[in-house]
Amino acid sequence: MNKTYEILIGNELSKGTSVIPVVNPFTGEPFAEVCLADSVEIDKAISLAEAAFIKTRVLPSYQRSRICAEVASGIQDRSDEFSKIIAQESGKPLIYARAEVARSVSTFEIASQEALRLDGEMLTLDITESAHGKAGLTRRFPIGPIAGISPFNFPLNLVAHKVAPALACGNPIIIKPASSTPLTALLLGEVVQNTQAIEGSLSVLPCTSKNATPLVEDPRLKMVTFTGSPNVGWDIKKRAGRKKVVLELGGNAGVIVEPDAEIDLAAKKIAFGAFVYSGQVCISVQRVFIHASKYDDFLESLISKTQAFRPGDPLDEKVTMGPMIDLENAERIESWVNEAVAEGAKIQTGGKRDKSYYPPTILINVNPNLPVACSEAFGPILIVNSYTNFNDAIKAVNNTDFGLQAGVFTNNMNKALGAFNQLDVGGVVINDIPTFRVDNMPYGGVKDSGFGREGIKYSLREMTEIKLLVYNHMMENKGSL
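Everything numeric in this text was worked out from a predicted model, so none of it was measured.

**Q** Can you walk me through helix α9 (residues 263–275) in this structure?
**A** Since one α-helical turn is 3.6 residues long, residues separated by three or four positions face the same way. Along its 13 residues, α9 runs 18 Å from first to last C-alpha, staying within 8% of the 18 Å computed at 1.5 Å per residue. Among all positions of α9, only I263, A266, A267, I270, A271, G273, A274 and F275 are buried. All buried residues of α9 project into a common sector of 165 degrees when viewed along the axis, lining one side. In this structure, the buried residues of α9 make contact with β13 (253–257), β14 (285–291), α10 (295–306), β16 (361–364), β17 (381–387) and β19 (405–409). Downstream of α9 by a residue or two, Y277 has a phi angle that is positive, lying close to 50 degrees.

The structure is reproduced here in structure tokens:
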């Protein structure tokens, strides 16, 4: 019989009123089931978070830091368990699941450090005669209970990027994990239970989108931090009322490869950035613009490196390419590729679906107005284009509704700085792929990629408010005692 995982409300487990299966994307078979929270349990979790905030908001820095460090240690101690659950419920190859667990440990370690750096500043206010004798002091204060809604593709580290900064600054948080990958978040909740965290600091509530409405609309929650699709994200913003909102909504990442770049190295990195975890990464490389003088050499190298991915069971240590999250998404990618081919595109490698597995696929001669080129594919597709003018390549990368990250391979500093100034994205990576992310850097986008920034230091700014103290130290002398 498959194990049933219960909802976590603070330190209490609840069976809920219904369950759904958790399916292994590789086998297509359920291997567990998870209970779903209903409106009553969500209300209970919000009330608990509200009560917990009375205590968490006054926790000293050293204690918040210690809690985050304990979580990091707890994840590390159970890293094998985390890795296997990630591979089972998301279809992510074990080699990449292990890397995600290691990053999550780092995320909480960074939060432990940043909890000690949540500083304010002294202000000089006597810039006019009327302010003579006055000084200012600022501090950052936690805003209150937060709702975090996370996607399936990084079921531990993207949850960590919401939970870690919340714990670091003293905000209780309620996590709604993706329905297809809830078990990893529940296991993280179990780790948090075994720390000094105040009860109610974290609840993990798998639930339907309908039942999740209070997480967006309830005024007791002061912020929603969401990672997922643009349609859902912008709808959340409309419904969130006065609460703060941070949206990380995906991308359509482009890379420019200049003729002075090391072509073979660029091809190796781009193949990885396009196809790691079946392209189901917000900053996957989807479009490449290679200078015409290097096009043939680059394409040959790219195809060779793409064909080196090893498909199979994600739990196999040697596998580097697993299935997509479900059959529906594999069929969607198949239809997009077929549409492009019907319009004149040519497949260089891949292109043949096997159930939920879609192989790494390279396309050329693609109409840039087709969904496969201008929408977020979130699948193992890479489109290769050529150019002759660098500024034209910049414009082509910008020709999308998204703006998360972009990459440029060049050793020309003027072009590197030009790309930084002109690309409409949240981050520009020089001589590497836009799939690059380290967990302390500011991460987020513009346009349909959302707004606000993650990365612990930057998340702490989103999750806190500045408060100003003005002190008059030149009171009128009323005489001595």
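**Q** Looking at this structure, how should I read unusual backbone geometry?
**A** Comment: phi is negative for the bulk of residues other than glycine, and the bulk of peptide bonds are trans. At S278, a position not held by glycine, the phi torsion is positive, near 55 degrees. Of note, S278 is situated in the loop between α9 and β14. We note that F378 has phi near 50 degrees; this positive angle belongs to a residue other than glycine. Relative to the elements of secondary structure, F378 occurs in the loop between α12 (371–374) and β17.

**Q** Looking at this model, I keep getting lost on the packing of helix α4 (residues 94–114) against helix α5 (residues 157–169). Mind explaining?
**A** Each packed pair of helices is defined by two parameters, the angle between the axes and the distance between the axes. Packing of α4 against α5 leaves a shortest axis separation of 9 Å and a crossing angle of 15 degrees. In terms of their interaxial angle, α4 and α5 are classed as roughly parallel. In the crossing of α4 with α5, the sense of the turn from one axis to the other is right-handed. Note on element contacts: α5 touches α4 through N157, A160, H161, V163, A164, L167 and A168, opposite E100, R103, S104, T107, F108 and A111. Among the residues forming the contact of α4 with α5, the class breakdown is seven nonpolar, four polar and two charged.

**Q** Got a minute to help me understand the pattern of salt bridges in this structure?
**A** Side-chain pairing between opposite charges can occur once the charged atoms of the two side chains come close. Applying the stated criterion across every chain yields a total of 19 salt bridges. Between E317 and R98 there is a salt bridge, with the nearest N and O atoms lying 2.6 Å from each other. With E317 in the loop between α10 and α11 (327–342) and R98 in helix α4, this pair connects stretches of sequence that are 219 residues apart. Linking K415 and E258 is a salt bridge whose minimum nitrogen-to-oxygen distance equals 2.5 Å. Placement of the pair is K415 in helix α14 (residues 413–422) and E258 in the loop between β13 and α9, with a sequence separation of 157 residues. Using a relative accessible area of 28% as the deciding quantity, one classes K415 as partly exposed. A single salt-bridge network, built from bridges that share partners, covers D43, D218 and R220.

What counts and how
- For every chain, the first residue of its written sequence is number 1, and the numbers climb from 1 along that sequence.
- Totals for whole chains, interfaces and linings use all residues, but because this is a predicted model, local features are given only for residues with pLDDT of at least 70 and pairs of side-chain atoms are given and counted only at 80 or more.
- Calculated side-chain values reflect all of the structure's heavy atoms, with hydrogen atoms and water omitted.
- Strands here are runs of E lasting at least two residues and helices are runs of H or I lasting at least four, both read from the DSSP assignment and numbered beginning at the N terminus.
- Every helix has an expected span of 1.5 Å times one less than the residues it contains.
- Accessibility here uses a 1.4 Å probe with only protein chains present; expressed as a share of the type maximum, an area under 20% marks a residue as buried, one over 50% as exposed, and anything in between as partly exposed.
- The arc in question is the one traced by the directions running from the helix axis out to the C-beta atoms.
- Residue contacts are counted whenever heavy atoms from the two residues lie within 4.5 Å of one another.
- Helix axes are fitted only over the stretch in contact, all axes being lines through C-alpha atoms; the angle between N-to-C directions runs from 0 to 180 degrees.
- Put simply, angles under 35 degrees are roughly parallel, angles over 145 are roughly antiparallel, angles from 65 to 115 are roughly perpendicular, and the rest are oblique.
- By definition, turning the near helix anticlockwise from the far helix through less than a right angle yields a left-handed crossing, and turning it clockwise yields a right-handed one.
- Gly falls in the polar group here, along with every residue not listed as nonpolar (Ala, Val, Leu, Ile, Met, Phe, Trp, Tyr, Cys, Pro) or charged (Asp, Glu, Lys, Arg).
- Each reported salt bridge corresponds to a side-chain nitrogen of Lys or Arg within 4 Å of a carboxyl oxygen of Asp or Glu.

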